Amino acid sequence: MKLAARVGQVTPSLTLAIDSKAKAMKAEGVDMCSFSAGEPDFPTPAHIRAAAEQALEQGKTRYGPAAGEPKLREAIAQKLQKENLLCYGAENVVVTNGGKHSLFNLMMVMIEPGDEVIIPSPYWLSYPEMVKLAGGTPVIVPTAADSGYKITPDQLRQAITPQTRLFVFNSPSNPTGMVYTPAEVRAIADVIVENDIFVVADEIYEKLLYDGAEHVSIGAVGPEIFDRTITSSGFAKAYSMTGWRIGFLAGPVEVIRATIALQGHSTSNVCTFAQYGALAALEGPQDCVGEMLQAFAQRRQVMLDAINSIPGLSCPKPDGAFYLFPSIEKTGLNSLDFSNALLEEQQVAVIPGVAFGADTCIRLSYATDMDTINKGIERLEKFVRSRA
Ligand code: GLU
């Protein structure tokens, strides 16, 4: 059957595919260890669930504004002002079906055929596909482990052409977990302003920081960069709300109005009662975030030490998110062969680095329980040793 050309060039999401496969194998009774999708294993905190249940009871089951519930837009704007020092009002915010939807909408609203979008690699696998779906051209700038997998201002400057429209900035990073320092954020902001391009700041992992790492929103660095920034985030990672599908986009009013128009003809409002859960997440106690973070910090250390003790694997220490991105180069396998064989022989699910533009690495999420981590790492070690 003939399909539209725009879908012909899109690669299906490997994170979702491998995660679904791992979950299905587990449901069939296979003794699985999954480090695939970045999905916290904790239940959504009780007060958030209760707020959504109450909203259901109160009949908040009807259509709402495509832009999102006014109270939630306001609460998001307040959060962005207080925590991120971004001077957004409710009119600068649109509620979306998760962080992925925010980014997709943004590409639809801003990118045209011929436009270039600069994406440092390793990158989250959906960025280039979204750019292609919008008709734009992803321009991939490779970064290496010895530079902390961070793009330098010079690299960014060199990648900019008259066609450059947007730079995708993701800190803390998925898949590497690296966090740009405040000075590095400022230096990147300078290049964006000098060249008069836009930046989308994907800040979905902003609350997941370790060892004193600091998150600075690039849009807060100064008024000139603020005008050129669109901030994307969501509730999934910090509040363990992956299945709720609630995210947001904040930026110049023109971008937000266009996104609302797009949603008005595509998704309409995000699930109404779920938005009341998100409101409770922002307005309620924040201890739950700290508790989950503490657990992630412990798991990160255990997993990192274990991986670095396996001959043939090496992993830099990440300061944020909940991923490790070790090199498997010394095993002589490419990332897809490595991941497929590991799944088949040891029932351990990881994401091949090739999905993120780095075929010498694999990604492991440590947002899972300690038993799975211990068992999975033991199997991983066995697998790597069997290849030595
Ligand atoms: N963002 C998460 C990940 O990278 C969830 C899966 C996805 O949406 O790609 O694992």
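Look above for the structure.
Residues numbered from 1 in each chain as written. Predicted model: local features only at pLDDT ≥ 70, side-chain atom pairs only at ≥ 80, totals over all residues. Heavy atoms only, no water.

> Explain helix H8 (residues 182-195) to me, please; I cannot follow it from the model alone.
Since the α-helix turns once every 3.6 residues, residues separated by three or four places project in the same direction. Relative to the 20 Å expected for 14 residues at 1.5 Å per residue, H8 spans 20 Å between its end C-alpha atoms, a close match to the ideal helical length. When we look at burial in H8, the residues that qualify are Pro182, Val185, Ile188, Ala189, Val191, Ile192 and Val193. Buried residues along H8 sit in contact with helix H7 (153-159), strand S5 (164-170), strand S6 (198-202) and helix H9 (223-226). One or two steps after H8, the chain reaches Asp196, where phi turns positive at roughly 50 degrees. (Helix = DSSP H or I, 4+ residues; strand = E, 2+ residues; numbered from the N terminus. Expected span 1.5 Å × (residues − 1). Buried < 20%, exposed > 50% of the residue type's maximum accessible area, 1.4 Å probe, protein only. Contact = heavy atoms within 4.5 Å.)

> Looking at this structure, I do not really get empty space enclosed by the protein. What am I missing?
One simple way to see leftover space: roll a probe sized like a water molecule over the atoms. Summed over the entire model, instances satisfying the criterion amount to 2 cavities of 30 Å³ or more. As a volume, the largest cavity reaches approximately 130 Å³. Considering the residues around the largest cavity, the lining is formed by 15 residues, among which Pro120, Pro122, Asn170, Ser173 and Tyr180 are closest to the centre. Looking at the lining of the largest cavity, the elements with two or more residues in it are strand S3 (116-121) and S5. The biggest single contributor to the lining of the largest cavity is S5, with 3 residues. (1 Å grid on protein atoms, 1.4 Å probe; cavity = no way out; pocket = protein on both sides within 12 Å on 5 of 7 lines; lining within 4 Å. Points joined across faces, edges and corners; volume = space filled by probe spheres on them.)

> Explanation requested: the layout of surface pockets in the structure shown.
Space inside the largest pocket adds up to approximately 480 Å³. If you go around the largest pocket, you meet 26 residues; those closest to its centre are Gly38, Lys100, Trp124, Lys237 and Arg245. At the level of secondary structure, the elements contributing two or more residues to the lining of the largest pocket comprise helix H2 (14-27) and helix H5 (99-110). No other element matches H2, which puts 4 residues into the lining of the largest pocket. Looking at side-chain class alone, the lining of the largest pocket contains 10 nonpolar, 8 polar and 8 charged residues. (Nonpolar A, V, L, I, M, F, W, Y, C, P; charged D, E, K, R; others polar.)

> In this structure, what is going on with helix H10 (residues 253-264)? I would like to understand it.
If you check H10, its first and last C-alpha atoms are 16 Å apart, about what 12 residues at 1.5 Å a residue would give, namely 16 Å. Residues of H10 that are buried: Val255, Ile256, Thr259 and Gln263. The arc that holds the buried residues of H10, viewed along the axis, is 95 degrees, so those residues lie on one side. Exposed residues pointing more than 90 degrees away from the buried face of H10 are listed as Glu254 and Arg257. (Arc of directions from axis to C-beta.)

> Sorry if this is basic, but what is going on with the sheet that holds strand S7 (residues 229-234) here?
Strands sit in the order S2-S8-S7-S6-S5-S3-S4 across an open sheet of 7 strands; the sheet is mixed. Strands with a single pairing partner mark the edges of an open sheet, and in this sheet they are strand S2 (93-96) and strand S4 (137-142). Averaged over neighbouring strand pairs, the angle between their axes works out to 20 degrees when direction is ignored. Of the strand pairs in this sheet, S2 and strand S8 (residues 247-250) are connected by 4 bridges, and their pairing is antiparallel. Note that in S8 the partner of Val94 across the bridge is Leu249. Strands S2 and S8 of the sheet are contacted by helix H4 (residues 70-84), whose axis makes an angle of about 115 degrees with S2. (Pairing = 2+ DSSP bridges. Axes fitted to C-alpha atoms, helices over the stretch in contact; angles between N-to-C directions.)

> How should I be thinking about the packing of aromatic side chains in this particular structure?
Where two aromatic rings form a pair, the distance of their centres and the angle of their planes describe that pair. In the structure shown here, the tally under the stated rule is 15 aromatic pairs. Judged by centre distance (5.9 Å) and plane angle (75 degrees), the ring pair of Tyr149 and Phe325 falls under edge-to-face. Of this pair, Tyr149 sits in the loop between S4 and H7 while Phe325 is found in the loop between strand S9 (323-324) and helix H13 (335-346), placing the two residues 176 residues apart along the sequence. The interplanar angle of 80 degrees and the centroid separation of 6.0 Å between the aromatic rings of Phe325 and Phe356 together place this pair among those described as edge-to-face. In this pair, Phe325 is assigned in the loop between S9 and H13 and Phe356 in the loop between strand S11 (351-352) and strand S12 (362-365), connecting sequence segments 31 residues apart. With respect to class, Phe325 is no different from Phe356; both count as buried. Chaining the aromatic ring pairs together yields one cluster made of Phe42, Tyr205, Phe296, Phe322 and Tyr323. The ring of Tyr180 carries the charged tip of Lys150 above its face, separated from the ring centre by 5.7 Å. (Phe/Tyr/Trp six-rings, centres within 6.5 Å; stacked < 30°, edge-to-face > 60°. Lys NZ or Arg CZ within 6 Å of the ring centre and 35° of its normal.)

> Is there a simple way to explain the nonpolar core in this structure?
Nonpolar side chains in soluble globular proteins generally cluster together in the buried interior. Ranked by internal contacts, the top residues of the largest apolar core, which has 62 residues, are Phe235, Tyr239 and Leu380. Ranked by residue count, the leading element in this core is helix H12 (residues 287-308), at 9 residues. Beyond its immediate sequence surroundings of up to four residues, Phe235 is in contact with Leu72, Ile76, Ser240, Met241, Ile246, Phe248, Ala278, Ala281 and Leu282. By size, the runner-up hydrophobic cluster in this structure holds 36 residues, among which are Met110, Met178, Val200 and Phe356. (Core = buried A, V, L, I, M, F, W, Y, C linked by side-chain atoms within 4.5 Å.)

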